[in-house]
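Residues per chain, in single letters:
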Amino acid sequence: MPVTAKLSQLFYERLGEQVANELVDWFNAVDATYRGDLRELNELNARIDRVVAEMEARLERGLKEQTRWLLLAWGTVLAGVIALLARG
C-alpha cells in the first residue's frame, strides 16, 4: 500500500510539478522497500520463534529423561548402601 503523500500547493509551486511528483514517487518507493524489509523480518522472527519452541521442547524432554536416569542411579546406590549396612 503506497503512501499517498499530498504535498502543499506551495511545495508544488516552488519545486515544480515534475520534481514534486518524483519526490512523492521516491517516498513511495522507500516506503515499499521498508515495508518489504519489515515483512521479511517478521517472517524470520516467526521462524525463530518456532525453532526456539522446538528447542525448548527437546530440552524439556532431555531433562525429564536425565532426571529419570539420575533417580534410578541414586536408587541403585541407595539400595547398595542399605544392603551393606544391613549385612554389616
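Our subject is the structure listed above.
Here we summarise the structure given alongside this text. (Residues numbered from 1 in each chain as written. Predicted model: local features only at pLDDT ≥ 70, side-chain atom pairs only at ≥ 80, totals over all residues. Heavy atoms only, no water.)

Moving on, we get to the overall build of the chain. From N to C terminus, the chain includes two helices and zero strands. Its C-alpha atoms give the chain a radius of gyration of 33 Å, more than 25% over the compact-globule value 12 Å for 88 residues. Each principal axis of the C-alpha distribution contributes one length, and for the chain these read about 105 × 15 × 10 Å. The proportion of buried residues among the 88 residues of the chain is 6%. Roughly 8000 Å² of accessible area belongs to the chain as shown, and the carbon and sulfur atoms make up 63% of that amount. (Helix = DSSP H or I, 4+ residues; strand = E, 2+ residues; numbered from the N terminus. Rg over C-alpha atoms; globule rule 2.2 N^0.38 Å. Buried < 20%, exposed > 50% of the residue type's maximum accessible area, 1.4 Å probe, protein only. Areas by Shrake-Rupley, 256 points an atom, 1.4 Å probe, with all protein chains shown as cover.)

A few words now on the pattern of salt bridges. Opposite charge on two side chains permits pairing when their charged atoms draw close. One pass over the structure, following the stated rule, counts two salt bridges. We note a salt bridge from Asp-31 to Arg-35, for which the minimum N-O separation is 2.8 Å. In this pair, Asp-31 and Arg-35 both sit in helix α2 (residues 17-87), four residues apart, roughly one turn of the helix. According to the relative accessible area criterion, Arg-35 is partly exposed, its value standing at 37%. Here Lys-64 makes a salt bridge to Glu-60, at a shortest N to O gap of 3.7 Å. Note that Lys-64 and Glu-60 are positioned in helix α2 at a spacing of four residues, about one turn of the helix. Of the residues examined, Glu-60 reaches a relative accessible area of 46% and is grouped as partly exposed. (Salt bridge = Lys/Arg side-chain N within 4 Å of Asp/Glu carboxyl O.)

In this section: α2. Given a rise of 1.5 Å per residue, 71 residues ought to cover 105 Å, and the 104 Å separating the end C-alpha atoms of α2 matches this to within 8%. Considering only its buried residues, α2 is in contact with α1 (9-15). (Expected span 1.5 Å × (residues − 1). Contact = heavy atoms within 4.5 Å.)

With that out of the way, let us pick up the packing of aromatic side chains. Across all of its chains, the model carries one aromatic pair by this definition. Ring centres of Trp-26 and Phe-27 lie 5.2 Å apart, and the angle between their planes is 55°; on these two criteria the pair is classed as tilted. In this structure Phe-27 comes out as partly exposed when scored by relative accessible area, which is 39%. (Phe/Tyr/Trp six-rings, centres within 6.5 Å; stacked < 30°, edge-to-face > 60°.)

This next bit is on a nonpolar patch on the surface. Taken together, the side chains of Leu-70, Trp-74, Val-77, Val-81 and Leu-85 define a hydrophobic patch exposed on the protein surface, amounting to about 540 Å² of accessible area. Structurally, Val-77 can be placed in helix α2. Residue Val-77 is classed as partly exposed on the basis of its relative accessible area, which comes to 46%. (Patch = residues over 30% accessible without salt bridge, like charges linked within 9 Å, V, L, I, M, F, W, Y side chains within 5 Å.)

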